[in-house]
Amino acid sequence: MKTKLKHWGAVVMLALGASSSSHALVFAVNEGVTYRVTNDEIAAKYAAIAADLGKLLKQPVTIEPVGSYPVLRKGLAAKSYDLAMVHPAHVSIQAIKGSGYHLVAITKGYEAYSANFLVKPDSPFKSLADLKDKKISAPDEDSITSWMVRATLRDALGGADKVSYIYTRYQDAVPFMVDNNFTPSGATAAGSVIKGWEAKGGRVLAKSRPVPIKHIIAAPSLTAEQVQKVRDYLVTLDTTDEGKKKLETTKYKGFAPYGEAEMLAIGTWLGL
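Let me begin by describing the structure that accompanies this report. All figures in this text were calculated on a predicted structure; none of them were measured in a lab.

1. Overview of the overall build of the chain
Part 1: Helix and strand content of the chain: 11 helices and 11 strands.
Part 2: By its C-alpha atoms, the chain is 90 × 40 × 30 Å across when sized along the principal axes.
Part 3: When each of the 272 residues of the chain is scored for burial, the buried share is 48%.
Part 4: Considering only contacts in the chain between residues 6 or more positions apart, those separated by 24 or more positions represent 77%.
Part 5: With an accessible surface of roughly 13200 Å², the chain has 57% of that area assigned to carbon and sulfur atoms.
Part 6: Distance between charge centres in the chain, computed from 34 positive and 26 negative side chains, equals 4 Å.

Printed below as a string of structure tokens:
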């Protein structure tokens, strides 16, 4: 009987060992809080890339859409995500600084994300200095756009508190706030919103410092070799026809390497 128990114990241990070595890696994906994208759409975008990463790392990779920043922060702090696509730079930088995550790559086309300060065509404002003691509309208070807005106004006016803020849920609500005189200026970083504003004669008063967004970061549980494998895969995706086809669903041009020290310096500017 004891021999049988030892035998079954060994089988269980082997099974547990096999299970732990092949457990699914979690790839969290956040597409921001100020855009209208469903979880199913997000998961579908990255399915082909997740399949490739699973083969590369010899472990299945599951996509976990995470729309809420508090949930995203909690997961990153707990190191629940092995990989993460993080739209807001400040959340990514916080994970690198506080939870040991490593910057793998940034997303091409989003290397120079800037908050644009919109004003009406007939606005008397000439510079950011004219916004002092005024109201400004901006997207969600914890969006990367609003973090950039506050850092820019801090530099221009001597303090981010020199203006009053009215936050909206989505980027495309900002022009409405300016058009209807709720605020004399509004800030957005959404390219389509800015383009639409200028197309109807609106002005861009100023722009913030550019900040790369949509970072791919890796948890400290991944080895340096694994992180490099993921980086090499991502930054070369756009160099082959097969890779470009997989990028089509994401609607991104590709990925590029970026210095972690430089990213942390941006965090200092943001006030992190």
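Having seen the model, we can carry on.
2. Structural notes on the environment of L157
Part 1: Relative to the assigned elements, L157 resides in helix α6 (residues 144-157).
Part 2: The class of L157 is buried, set by a relative accessible area of 13%.
Part 3: Sequence-wise, L157 and K132 are 25 residues apart; in three dimensions their C-alpha atoms are separated by 6.8 Å.
Part 4: Setting aside residues no more than four positions away along its own chain, L157 makes contact with L128, A129, K132, K162 and V163.

3. Thoughts on the sheet that holds strand β3 (residues 83-86)
Part 1: Pairing in this open sheet of six strands is mixed, and the strands run β2-β1-β3-β10-β4-β11 from one edge to the other. Two strands in the sheet have a free side with no partner beyond their single neighbour: β2 (61-65) and β11 (255-256).
Part 2: The pairing of strand β4 (residues 102-107) with strand β10 (residues 215-218) spans four bridges and is antiparallel. Its bridge partner lying in β10, I106 is registered against H215.
Part 3: Across the sheet, helix α5 (residues 89-99) is in contact with β3, β4 and β10; its angle to β10 comes to roughly 20 degrees.

4. Section: the pattern of salt bridges
Part 1: The tally for this structure, following the rule as stated, stands at eight salt bridges.
Part 2: In this structure, the salt-bridge partner of K214 is E31, at a minimum N-O distance of 3.3 Å. On the criterion of sequence distance, the pair formed by K214 in the loop between β9 (203-207) and β10 and E31 in the loop between β1 (25-30) and α2 (39-45) is long-range, its members being 183 residues apart.
Part 3: A relative accessible area of 4% places K214 in the buried class.
Part 4: Residue E31 is classed as buried on the basis of its relative accessible area of 7%.
Part 5: Several salt bridges share partner residues, and in doing so they unite E31, K45 and K214 into one network.

5. Looking at the packing of aromatic side chains
Part 1: A full pass over the atoms with the stated rule returns four aromatic pairs.
Part 2: Considering the side-chain rings of Y165 and Y167, the 5.7 Å spacing of their centres and the 10 degrees angle between planes classify their relative orientation as stacked.
Part 3: Residue classification places Y167 among the partly exposed positions, given a relative accessible area of 28%.
Part 4: Against the face of Y170 rests R169, its NZ or CZ located 4.8 Å from the ring centre.

6. Quick look at unusual backbone geometry
Part 1: The residue N181 is not glycine, and still its phi comes out positive at about 65 degrees.
Part 2: Inspection of the secondary structure puts N181 in the loop between α7 (174-179) and β8 (185-188).
Part 3: Unusually for a residue other than glycine, K214 sits at a positive phi of about 55 degrees.

7. Some words on the environment of L272
Part 1: Within the element layout of this structure, L272 appears in the segment after α11 (260-270).
Part 2: Accessibility expressed as a relative area gives 27% for L272, which makes it partly exposed.
Part 3: Beyond its immediate chain neighbours, meaning those up to four positions away, L272 contacts H90, I93, Q94, K97, W147 and G267.

8. Regarding the sheet that holds strand β6 (residues 135-138)
Part 1: Across the sheet, five strands lie side by side as β7-β6-β8-β5-β9; this open sheet has mixed pairing. Looking along the sheet, the strands with just one partner apiece sit at the ends: β7 (164-167) and β9. Each strand axis lies, on average, 30 degrees off the axis of its neighbour in the sheet, ignoring direction.
Part 2: Bridge analysis of strand β5 (residues 116-119) against β8 gives three bridges, and the strand direction is antiparallel. The residue bridging N116 from the neighbouring strand is T188, located in β8.

Scoring rules and cut-offs
- Residues numbered from 1 in each chain as written.
- Predicted model: local features only at pLDDT ≥ 70, side-chain atom pairs only at ≥ 80, totals over all residues.
- Heavy atoms only, no water.
- Helix = DSSP H or I, 4+ residues; strand = E, 2+ residues; numbered from the N terminus.
- Buried < 20%, exposed > 50% of the residue type's maximum accessible area, 1.4 Å probe, protein only.
- Contact = heavy atoms within 4.5 Å.
- Areas by Shrake-Rupley, 256 points an atom, 1.4 Å probe, with all protein chains shown as cover.
- Lys, Arg positive; Asp, Glu negative; His and termini not counted.
- Charge placed at Lys NZ, Arg CZ, Asp CG, Glu CD.
- Pairing = 2+ DSSP bridges.
- Axes fitted to C-alpha atoms, helices over the stretch in contact; angles between N-to-C directions.
- Salt bridge = Lys/Arg side-chain N within 4 Å of Asp/Glu carboxyl O.
- Phe/Tyr/Trp six-rings, centres within 6.5 Å; stacked < 30°, edge-to-face > 60°.
- Lys NZ or Arg CZ within 6 Å of the ring centre and 35° of its normal.

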